[in-house]
Amino acid sequence: MVHPPSTGRVRTPQALSSGTDGSTQPHAVATKKTHINLPIATDPTISYRPPNVSTQTPDTDESAQNDDAKTAGRGFLIITAAKLWFMVGGALITFGLPYIFARYGDGRALYGQYYDLNNILSILSMVMISGVMQSIARFVAARPDQAGGVVRQMRRMMLVIGTVVGGGFIIAAPYIAQARGNPDLVLGYRAAGVILFCYGIYTVYIGTLNGRKLFFRQALYDFGFTTLKATLALGLA
């Protein structure tokens with residue numbers, strides 16, 4: 001028997017029922033819809049969070065701003081105290097050295113030599129300290145997660161600059177002393193070259209502490225530097 005080709009329609013299954021005359025008649029079979037119940041999370045700790053939506057509230061932002069303001073305020077007071085101690089150290093050197101030099105003869109002449117040497121050293125050191133320290137602090141504050149890389153790069157750079165400036169100062173010490181009319185200060189100018197090299201390395205760490213808002217540690221470095229400078233200047237005079 002040859003079946004006719006399918007028309008593509010799907011017949012609905014039908015059941016045969018007996019009529020009153022004994023014949024059978026088809027009737028539609030009711031279909032039952034099946035519902036699938038998906039489990040719903042009832043854990044109160046699970047919640048839907050839209051992507052890229054900040055969870056910070058205005059109260060959180062205000063609290064963070066208050067913390068930054070307090071940190072900056074404390075840092076200002078601590079750094080100011082360190083600068084005051086720097087002024088005290090400078091006053092001790094200014095008034096103490098003439099008194100000490102007076103024991104060796106003409107105290108004013110010896111202090112004049114120290115003053116000339118300190119002026120030259122101050123000009124070069126302030127250029128290195130001010131410019132480099134502010135640049136490092138700005139970079140570290142802008143990229144706190146990359147502070148280590150910034151410090152390594154700046155340290156290498158200042159090693160080169162400190163070697164060139166400090167080494168050049170040491171090599172040219174006899175010519176500088178002769179040009180300044182102080183031929184006896186050759187060793188003093190060479191010592192100044194070593195100090196310039198140390199300034200370059202010192203600046204990197206001071207700028208890093210400032211950029212990370214570690215003002216207390218920065219102040220400790222400043223206190224220690226001033227104390228060391230006054231002790232060496234007065235003790236070795």
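Student: Lay out unusual backbone geometry in plain terms, naming residues and giving numbers.
Tutor: For lysine 213, which is not a glycine, the phi torsion comes out positive at approximately 65 degrees. With respect to the helices, strands and loops of the structure, lysine 213 is situated in the loop between helix H5 (186–211) and helix H6 (215–235).

Student: Help me get a handle on a nonpolar patch on the surface, residues and values and all.
Tutor: A contiguous nonpolar surface patch, about 330 Å² in accessible area, is contributed by Leu84, Phe86 and Met87. Mapped onto the elements of the fold, leucine 84 is located in helix H1 (residues 58–101).

Student: Describe the nonpolar core, naming the residues involved and giving the relevant values.
Tutor: Within the largest apolar cluster, 23 residues are counted, with the highest numbers of intra-cluster contacts made by Ile136, Met154, Phe169, Tyr189, Leu196 and Val204. Secondary-structure elements contributing two or more residues to this core are helix H2 (107–142), helix H3 (147–171), helix H4 (173–179) and H5. Take this core: its biggest share by element is 8 residues, from H2. Setting aside residues no more than four positions away along its own chain, phenylalanine 169 makes contact with Ile120, Leu124, Ile176, Tyr189, Ala192, Gly193 and Leu196. By size, the runner-up hydrophobic cluster in this structure holds 6 residues, among which are Ile93, Tyr111, Ala230 and Ala233.

Student: Break down the packing of aromatic side chains for me, citing the residues and quoting the values.
Tutor: Tallied over the full model, the rule gives 3 aromatic pairs. Taken together, a centroid distance of 6.3 Å and an interplanar angle of 55 degrees make the contact between phenylalanine 169 and tyrosine 189 tilted. Here tyrosine 189 lies in helix H5 and phenylalanine 169 lies in helix H3, a separation of 20 residues in the sequence. No difference in accessibility class separates phenylalanine 169 from tyrosine 189, as the two residues are buried. Judged by centre distance (5.7 Å) and plane angle (55 degrees), the ring pair of tyrosine 199 and phenylalanine 225 falls under tilted.

Student: Let's hear about H6: which residues, and what values?
Tutor: The first and last C-alpha atoms of H6 sit 30 Å apart over 21 residues, in line with the 30 Å expected at 1.5 Å per residue. Looking at H6, one finds that the buried residues are Phe215, Gln218, Ala219, Asp222, Thr226, Ala230 and Ala233. In an axial view of H6, the angular spread of the buried residues amounts to 100 degrees, which keeps them on one side of the axis. Along H6, exposed side chains directed more than 90 degrees from the buried face belong to Phe216, Arg217, Leu228 and Gly235.

Student: I'd like to hear about the confidence of the model for the protein chain, residue by residue, with values.
Tutor: Residues with a pLDDT of 70 or more make up 69% of the protein chain, whose mean pLDDT is 74. Averaged pLDDT values over the elements of the protein chain bottom out at 47 in strand S1 (residues 14–18) and peak at 88 in H4. Within the model, pLDDT remains below 50 along residues 6–18, and this stretch shows 18 contacts once partners closer than five positions in the same chain are excluded. A low-confidence stretch, residues 26–31 (pLDDT under 50), is modelled with 10 contacts involving residues beyond four sequence positions or located in other chains.

Student: A description of the pattern of salt bridges should follow, citing residues and the corresponding values.
Tutor: Per the stated rule, a full pass over the model turns up 1 salt bridge. For the salt bridge of aspartate 116 with arginine 180, the shortest nitrogen-to-oxygen distance reads 2.2 Å. Here aspartate 116 is found in helix H2, whereas its partner arginine 180 is found in the loop between H4 and H5, with 64 residues between them in sequence. Classification of aspartate 116 by relative accessible area gives buried; the value is 12%.

Student: Account for the layout of surface pockets, with residues named and values stated.
Tutor: In this structure, the largest pocket occupies an estimated 1,500 Å³ of space. Forming the boundary of the largest pocket are 46 residues, of which Tyr114, Asn118, Leu121, Ile195 and Lys229 lie nearest the centre. The leading source of residues in the lining of the largest pocket is H2, at 14 residues. Split by residue class, the lining of the largest pocket holds 31 nonpolar, 11 polar and 4 charged.

Student: I'd love a proper account of the environment of methionine 126, names of residues and values included.
Tutor: Relative to the assigned elements, methionine 126 resides in helix H2. Separated by 70 residues in sequence, methionine 126 and leucine 196 place their C-alpha atoms 10.0 Å apart.

Conventions we followed
- Residues numbered from 1 in each chain as written.
- Predicted model: local features only at pLDDT ≥ 70, side-chain atom pairs only at ≥ 80, totals over all residues.
- Heavy atoms only, no water.
- Helix = DSSP H or I, 4+ residues; strand = E, 2+ residues; numbered from the N terminus.
- Patch = residues over 30% accessible without salt bridge, like charges linked within 9 Å, V, L, I, M, F, W, Y side chains within 5 Å.
- Areas by Shrake-Rupley, 256 points an atom, 1.4 Å probe, with all protein chains shown as cover.
- Salt bridge = Lys/Arg side-chain N within 4 Å of Asp/Glu carboxyl O.
- Core = buried A, V, L, I, M, F, W, Y, C linked by side-chain atoms within 4.5 Å.
- Buried < 20%, exposed > 50% of the residue type's maximum accessible area, 1.4 Å probe, protein only.
- Contact = heavy atoms within 4.5 Å.
- Phe/Tyr/Trp six-rings, centres within 6.5 Å; stacked < 30°, edge-to-face > 60°.
- Expected span 1.5 Å × (residues − 1).
- Arc of directions from axis to C-beta.
- pLDDT = per-residue confidence, 0-100.
- 1 Å grid on protein atoms, 1.4 Å probe; cavity = no way out; pocket = protein on both sides within 12 Å on 5 of 7 lines; lining within 4 Å.
- Points joined across faces, edges and corners; volume = space filled by probe spheres on them.
- Nonpolar A, V, L, I, M, F, W, Y, C, P; charged D, E, K, R; others polar.

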